[in-house]
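Summary of structural features
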Amino acid sequence: MQEFRLKKRVAGSLLATSILALSMAVLPNGAAAQDSDLQGEIRFSWWGGQVRNDKTDRIIQLFEGQHPNVSIVRENADWAPYWERLTIQSTGNNQPCAITMQTRWLATYARPDILMPLDELVENGTLDVSGIPEPVLNSARGSDGNLYMIPHGVFYFALMYNEQMAQTAADAGVAPLEYPYTWDEFAEYLTAILPHLPEGAASVHNMGREQDAFVTWVQSHGEDVFDGSNVAFTKDIAIQWFEYWEALRTAGVTEPPEVMISDNSALIEESNIANNRGFMTNRPPNQLGSVQTTVDTVSPGTTIGITPYPVGPDGTVGMDIGANGIAIGASCDEAQIPVAAEWINFWTQNEEAAGIYESDNGVVSIPALATAQAEDPDTQPTQVAHIELYQQLIDTANPVFWPAGGYQALTDTLNRAYDAVAFGQLTPEQGADQLIADLQQQLTQAAR
């Protein structure tokens, strides 16, 4: 049984074994051979906060240092503005040459007039995919079967918590959670820990409106989220979800509705978990290093840990996984493609670049590089914990195929439905009806 407080380090041999079990991947050959004649300028876009921006800038400087006749124009944004901008750019045929892409959004953009199919570049050796496990690489294919991005990081979703608050509660006699724990056991623990938290702090961010938590709930209860471009989960499972979080909210275990809406969209330094106003939240664990860096400044002495989502009543794990990678925009000029391809090779294959990034946007997709990161004594403990938890859960993960528009549609419709329930405008039954009807309407429109 895994204790709720996760270890910061694991034995290198055990981690290496679990990582290599992902595939029969061999050591990568390293970045493609350097071309002294490589020259040109490309735009590269990504999402993320200041810590990720700083890491990305260091990698760009490293690449440009090795290719003095190449320039990478930086285009970064926060999560939501990033996709809004890419949609506008794609409509105007002005997308960057190198585009950070994600499997949850891929179906929306996986068309030859938006992203360049990459199979030919892989086949002729221009793009180096050695070492990337085949299942991870295949996750980057569109519904037409074409490869549209090269994955560089595998991501998953879990929970972050305040280790000092957990220890205070344990010292007061509240038994720590041990994984696997069910959703009911999770609620019981959050209720029990509440009296031992700082005054005014909530036990947990209200995740009634959070799609990654909802996906885990649906799958851990034995249902699918989507069937192609159709809603697959039942009304009953949605009602139970709303009732679960309403019970915790009305008991004071979560924050009030108005704070619920603002907290997870807030900057990390303004969030509840960074300011000791909350014990637990659902920020992605690949952000653990960034969160801890911010918390060290905002609340010195506070350490943040990660733990999995609950399992279903029968122990079913509902974990979804996906991949982040780099795509080439269809509008990229032919003369710029060699630079874009070499940049992708460098990002995915270069050990020094991987060491700088530290699996910041998903566990590095090449197992040998992940092993090297975890065994490197200079790797941040937060990143080792990120890789460790991923390896503990990967064998039981249940990846979701996200249809075109599916991620944004579920996010928007779940937000609206649960907000209406939390503010007393709809009953859980009415909220479930609204969620399913609105979600199906958006999926149908996106599929046209």
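Our structure is the block above this text.
What you are looking at is a predicted structure, and each value in this text was computed from that prediction instead of being measured.

Topic: a negative patch on the surface
Judged by side-chain charge, Glu351, Glu352, Asp376 and Asp378 come together as a negatively charged surface patch. By the element assignment, Asp376 lies in the loop between helix 15 (367-375) and helix 16 (381-393).

Points about the state of the cysteines
For the coordinates displayed, the defined rule picks out one disulfide. For Cys97, the disulfide goes to Cys332, at an S-S distance of 2.1 Å. Classification of the bridge connecting Cys97 and Cys332 rests on its S-S torsion, roughly 95°, and on that basis the disulfide is right-handed. On the criterion of sequence distance, the pair formed by Cys97 in the loop between helix 3 (79-91) and strand 4 (98-102) and Cys332 in the loop between strand 13 (321-328) and helix 13 (337-349) is long-range, its members being 235 residues apart. Looking at Cys97, the relative accessible area reads 5%, which means it is buried. Under the relative-accessibility criterion, Cys332 is labelled buried at 8%.

Some remarks on unusual backbone geometry
A cis amide bond links Tyr179 to the next residue, Pro180, at an omega of 5°. Locating Pro180 in the fold gives a position in the loop between strand 7 (178-179) and helix 8 (183-193). Backbone geometry at Asn276 places phi at a positive 60°, although glycine is not the residue there. Mapped onto the elements of the fold, Asn276 is located in the loop between helix 11 (257-263) and strand 11 (278-281).

Here we look at the pairing of strand 11
Two faces make up the sheet, and in a regular strand the side chains alternate between them. Strand direction decides the pairing type here: strand 6 (residues 159-162) and strand 11, joined by two bridges, are antiparallel. When the bridges of strand 11 are listed, Met160 appears paired with Thr281. Taken together, the two bridges between strand 8 (residues 202-204) and strand 11 define a ladder with parallel strand orientation. Paired with Ala202 across the two strands is Gly278, which belongs to strand 11.

Focus: the sheet that holds strand 14 (residues 363-364)
To summarise the sheet geometry, strands pair through backbone hydrogen bonds and adopt either a parallel or an antiparallel arrangement. If you trace the six strands from one edge of the open sheet to the other, you get 3-2-4-13-5-14, paired in mixed fashion. Only two strands of the sheet have a single neighbouring strand rather than two, namely strand 3 (70-77) and strand 14. Across two bridges, strand 5 (residues 150-156) lies against strand 14 in antiparallel orientation. From the neighbouring strand, Gly153 faces strand 14, where its bridge partner is Val364. In the packing of helix 13 onto the sheet, contacts are made with strand 2 (40-47), strand 3, strand 4, strand 5 and strand 13, and the angle to strand 2 comes to roughly 45°.

Observations regarding helix 17 (residues 406-422)
Between its first and last C-alpha, helix 17 extends 24 Å over 17 residues, near the 24 Å set by a 1.5 Å rise per residue. Counting buried residues along helix 17, 14 of its 17 residues qualify, which places the element largely inside the surrounding structure. Gly424, located one to two residues past helix 17, shows a positive phi value of around 80°.

Some points on the packing of helix 8 against helix 10 (residues 235-250)
Packing of helix 8 against helix 10 brings their axes to within 11 Å, and their N-to-C directions diverge by 15°. On the basis of their axis angle, the class for helix 8 and helix 10 is roughly parallel. Note on packing geometry: the crossing formed by helix 8 with helix 10 is right-handed. Taken together, the residues of helix 10 that come into contact with helix 8 (itself represented by Trp183, Phe186, Ala187 and Thr191) are Trp241, Tyr244, Trp245 and Leu248.

Some words on the packing of aromatic side chains
Across all of its chains, the model carries 38 aromatic pairs by this definition. Ring plane angle 65° and centroid distance 4.8 Å describe the contact between Trp347 and Tyr357, whose orientation is recorded as edge-to-face. One end of the pair, Trp347, is in helix 13; the other, Tyr357, is in helix 14 (residues 351-357), with 10 residues separating them in the sequence. Comparing Trp347 with Tyr357, the two get one shared label, buried. Site record: aromatic cluster; members linked through ring pairs are Tyr179, Tyr181, Trp183, Phe186, Phe214, Trp217, Phe233, Trp241, Tyr244, Trp245 and Tyr309.

Quick notes on the rules
Residues numbered from 1 in each chain as written. Predicted model: local features only at pLDDT ≥ 70, side-chain atom pairs only at ≥ 80, totals over all residues. Heavy atoms only, no water. Patch = residues over 30% accessible without salt bridge, like charges linked within 9 Å, V, L, I, M, F, W, Y side chains within 5 Å. Areas by Shrake-Rupley, 256 points an atom, 1.4 Å probe, with all protein chains shown as cover. Salt bridge = Lys/Arg side-chain N within 4 Å of Asp/Glu carboxyl O. Lys, Arg positive; Asp, Glu negative; His and termini not counted. Charge placed at Lys NZ, Arg CZ, Asp CG, Glu CD. Helix = DSSP H or I, 4+ residues; strand = E, 2+ residues; numbered from the N terminus. Disulfide = S-S within 2.5 Å. Buried < 20%, exposed > 50% of the residue type's maximum accessible area, 1.4 Å probe, protein only. Pairing = 2+ DSSP bridges. Contact = heavy atoms within 4.5 Å. Axes fitted to C-alpha atoms, helices over the stretch in contact; angles between N-to-C directions. Expected span 1.5 Å × (residues − 1). Parallel < 35°, antiparallel > 145°, perpendicular 65-115°, else oblique. Left-handed = near helix turned anticlockwise from the far one by under 90°. Phe/Tyr/Trp six-rings, centres within 6.5 Å; stacked < 30°, edge-to-face > 60°.

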